[in-house]
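What follows is each chain in one-letter form.
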Amino acid sequence: MIPGGPAGAYEWGMTRTIDRDAIARLLAGCFTGSPGPGVVPGGRTEALRLLEAYDPSGYGRGRNHLQGPVSRLSPYLRHGMVSAVEVRDRLRERFGADPARLDEFFRQLAWRDFFSKVLAWHGRGLEDDIEEPKHPVPRERRLPLDIAEGNTGLPCVDGMLGELYGGGHLHNHARLWFAAYWCHFRGLDWREGARLFRRFLLDGDTASNFSSWQWVEGTFASKPYFMNRENIENFSGGSWCRGCRASCPFDRSYPELQRILFGASLAPLAGLGGAAGVPGPAPEAGGDGPAMPPAAEIVWMHDGAMSRESPAVRANPGSPVVFAFDTPAMRAEPSAWHRVAFMLDGLDDLAARQPGSPVVVVAGELAEAVGRAARAAGAGTIHLDASAEPAVSEAAARLGERFRVVEHAVAALAVVEGEPRRFSRYWEKAAPQVTGRRAERGARWHR
Ligand SMILES: Cc1cc2nc3c(=O)[nH]c(=O)nc-3n(C[C@H](O)[C@H](O)[C@H](O)COP(=O)(O)OP(=O)(O)OC[C@H]3O[C@@H](n4cnc5c(N)ncnc54)[C@H](O)[C@@H]3O)c2cc1C
């Protein structure tokens, strides 16, 4: 452990794996759960193994079923351990003789690209309503205790929360159900739900997460999304519903639910449980700069670019790679440890497979921590992969006041200019670039 307390740094290399207890001390107050191995292995090597093993046959028919043939690639895509372009190209190589087998998968993959464009367009504005709410009623901004504890009394909701808290993953359809439950059945504010997801999901991000919550709430869609029991039962395989003795709020027809949830006279079923405590901010410790190998240029590897194939790493072989944990942000919104462990796997993988590039972990306010590492190395130039994530782009701008900052472009699935408003419009332009064919009309997303 390099001295400097919570604002210090940790360096390791090929000969050993990262000391998770030391990182846990570095991140004190920034995470929930116990330090140790994660629930799903992270890292580029694992991402490539998963990609090689994945067969998208039957994806179009089965993807909405919880047991359907989905890829589970999103945590790796979100952290840049593998890119969407790589996934598209490798699946084409393997299954290109039968393009129809790939179309629906590519269309879903393109949602990630679409949402990253939404984030690039709106920046921090994505954390607030993009459009007027279609059902404008007051929403409560809190995390109710029964949801925090995964104990709402509804086997389906508690089952989803168990997966979220324990495994850091939820199928897309379960995310939709949970978000609809949160917003429309509990009358809670979508922003708090999105923050809960960002803390626990292995793929938790701003772009796909906040956009999707807005889609469910109806502030980024022409109408709110909701479901009924029949839909949950059909697509979940029925196991939650079979033994359920709860009074089911979803057990009605769509028109009835529509009237109950959105009718002028009836408010959503609001407010069970109290507010859950979120750990308050801990005082920021001072500390010396990290021990850095001398270098004229360093690579700042942010949490969306964790790959030895990242353009910034490839352009700077042998340069020290600095990874920074944004501890003020993590104290305000503590991550589940499994999220931290997933990233540490990625760094271990990098250190093991990128001989010659020392990997250094620092913690603190992003621009401050990366700047300190650059100064300690004596570096005048900081390279990073371009990112629409506001925390990264804002820190890069601040670093630019004191260093030469080089942002390396990351290949996108599609180039589509202008404000991204609806996926269907985007897809008309993106489909030929993503699939090599024109978009089919009338295809639907979630239901
Ligand atoms: C309320 C809500 C919150 C969400 N939060 C996140 C999030 O924080 N991070 C995140 O990466 N995704 C999020 N999603 C999108 C989606 O649920 C996940 O990307 C998907 O479930 C990942 O599982 P998979 O890799 O097995 O997907 P697959 O079905 O195998 O799809 C392949 C890839 O396509 C992309 N993709 C598929 N469906 C979607 C979609 N609906 N939106 C965006 N990209 C998609 C993902 O990159 C995914 O890895 C959210 C969706 C909802 C409804």
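The rules behind the values
- Residues numbered from 1 in each chain as written.
- Predicted model: local features only at pLDDT ≥ 70, side-chain atom pairs only at ≥ 80, totals over all residues.
- Heavy atoms only, no water.
- Helix = DSSP H or I, 4+ residues; strand = E, 2+ residues; numbered from the N terminus.
- Polar contact = N/O pair within 3.5 Å; in protein donor to acceptor, adjacent residues only side chain to side chain.
- Contact = heavy atoms within 4.5 Å.
- Expected span 1.5 Å × (residues − 1).
- Buried < 20%, exposed > 50% of the residue type's maximum accessible area, 1.4 Å probe, protein only.
- Axes fitted to C-alpha atoms, helices over the stretch in contact; angles between N-to-C directions.
- Parallel < 35°, antiparallel > 145°, perpendicular 65-115°, else oblique.
- Nonpolar A, V, L, I, M, F, W, Y, C, P; charged D, E, K, R; others polar.
- pLDDT = per-residue confidence, 0-100.
- Pairing = 2+ DSSP bridges.
- Salt bridge = Lys/Arg side-chain N within 4 Å of Asp/Glu carboxyl O.
- Left-handed = near helix turned anticlockwise from the far one by under 90°.
- Near = heavy atom within 4 Å.
- Areas by Shrake-Rupley, 256 points an atom, 1.4 Å probe, with all protein chains shown as cover.

> Where do I start with the side chain of Asn64 in this structure?
Mapped onto the fold, Asn64 is located in the loop between helix 3 (59-62) and helix 4 (74-78). One polar contact links Asn64 to Arg63, side chain to side chain, over a distance of 3.3 Å.

> Any chance you could explain the environment of Glu132 here in plain terms?
Summarising the element assignment, Glu132 is placed in the loop between helix 6 (100-122) and helix 7 (145-148). Between the C-alpha atoms of Glu132 and Phe220, which are 88 residues apart in sequence, the distance is 8.4 Å. Beyond its immediate sequence surroundings of up to four residues, Glu132 is in contact with Gly218 and Thr219.

> Hey, could you run me through helix 6 in this one?
Turn by turn, an α-helix covers 3.6 residues, leaving residues three or four places apart pointing in a common direction. Taking 1.5 Å per residue, 23 residues should reach 33 Å; helix 6 reaches 34 Å between its end C-alpha atoms and fits that length. The first or second residue beyond helix 6 is Gly123, which carries a positive phi of 55°.

> Before we go on, may I ask you to explain the environment of Pro144 in this structure?
Within the secondary structure, Pro144 sits in the loop between helix 6 and helix 7. Overall, the relative accessible area of 0% leaves Pro144 in the buried class.

> What's the story with the packing of helix 5 (residues 84-95) against helix 6 in this structure? I'm lost.
Helices that pack against each other are described as a pair by the angle of their axes relative to one another and the distance between those axes. Between helix 5 and helix 6, the shortest axis-to-axis distance is 11 Å and the interhelical angle comes to 180°. Our classification of the angle between helix 5 and helix 6 gives roughly antiparallel. Together, Ala84, Val87, Arg88, Leu91, Arg92 and Phe95 of helix 5 and Arg101, Leu102, Phe105, Phe106 and Leu109 of helix 6 make up the contact between the two elements. By residue class, the composition of the contact of helix 5 with helix 6 is 8 nonpolar, no polar and 3 charged.

> Would you take a moment to explain the confidence of the model for the chain for this structure?
Note: predicted coordinates in regions of low pLDDT should not be interpreted at a detailed level. Residues of the chain with pLDDT of at least 70 account for 89%, and the chain-wide mean is 89. Note on residues 1-8: pLDDT under 50 across the span, and 27 contacts to partners over four residues away in sequence or across chains. Considering only residues more than four positions removed or in separate chains, one finds that residues 265-287, a stretch of pLDDT under 50, has 52 contacts.

> What exactly am I supposed to notice about the pairing of strand 4 (residues 321-326) here?
In summary, the side chains of a regular strand alternate between the two faces of the sheet. Of all the 6 residues making up strand 4, 6 are buried; the element is thus mostly covered by neighbouring parts of the structure. Residue alternation in strand 4 divides its side chains into two sets, Val321, Phe323 and Phe325 and Val322, Ala324 and Asp326, and both sets are buried. Where strand 3 (residues 297-301) meets strand 4, 3 bridges bridge the pair, whose relative direction is parallel. Bridged to Trp300 within strand 4 is Val322.

> Just checking my understanding: could you explain the pattern of salt bridges for this structure?
Between side chains of opposite charge, a pair can form as their charged atoms come close. All told, the structure shown has 36 salt bridges when counted by the stated rule. Asp348 serves as the salt-bridge partner of Arg20, at 3.5 Å between the closest nitrogen and oxygen. Within this pair, whereas Arg20 is found in helix 1 (residues 20-26), its partner Asp348 is found in helix 17 (residues 337-353), the two being separated by 328 residues in sequence. The class for Arg20 is buried, based on a relative accessible area of 16%. The residue Arg372 makes a salt bridge to Glu368 at a minimum N-O spacing of 3.8 Å. Taken as a pair, Arg372 and Glu368 lie in helix 18 (residues 366-377) at a separation of 4 residues, close to a single helical turn. Owing to a relative accessible area of 11%, Arg372 belongs among the buried residues under this scheme.

> So what exactly am I meant to see when it comes to unusual backbone geometry here?
Peptide bonds are trans in most cases, and residues, glycine excluded, mostly fall at negative phi. Backbone geometry at Arg72 places phi at a positive 60°, although glycine is not the residue there. Along the polypeptide, Arg72 turns up in the loop between helix 3 and helix 4.

> How should I be thinking about the packing of helix 9 (residues 172-185) against helix 10 (residues 190-200) in this particular structure?
One can describe the packing of helix 9 onto helix 10 by two numbers: an axis separation of 9 Å at closest approach and a directional angle of 140°. Comparing their axes, helix 10 and helix 9 come out oblique. Considering only the axes of helix 9 and helix 10, their crossing is right-handed. Note on element contacts: helix 10 touches helix 9 through Trp190, Glu192, Gly193, Leu196 and Phe197, opposite Arg175, Phe178, Trp182 and Cys183.

> Can you walk me through the site of the ligand in this structure?
Taken together, 28 residues lie near the ligand, and Tyr59, Ser71, Arg72, Arg112 and Asn172 sit nearest. Between the ligand and the protein, one listed contact pairs an oxygen atom with a side-chain N or O atom of Arg175 at 3.4 Å. Notes on the ligand: free accessible area 830 Å², of which the protein chains cover 98%. Taken together, the elements giving at least two residues each to the shell around the ligand come down to helix 4, helix 6, helix 9 and helix 11 (207-217). Counting residues per element, the shell around the ligand draws most heavily on helix 6, at 6 residues. When grouped by side-chain class, the residues that make up the shell around the ligand number 13 nonpolar, 10 polar and 5 charged.

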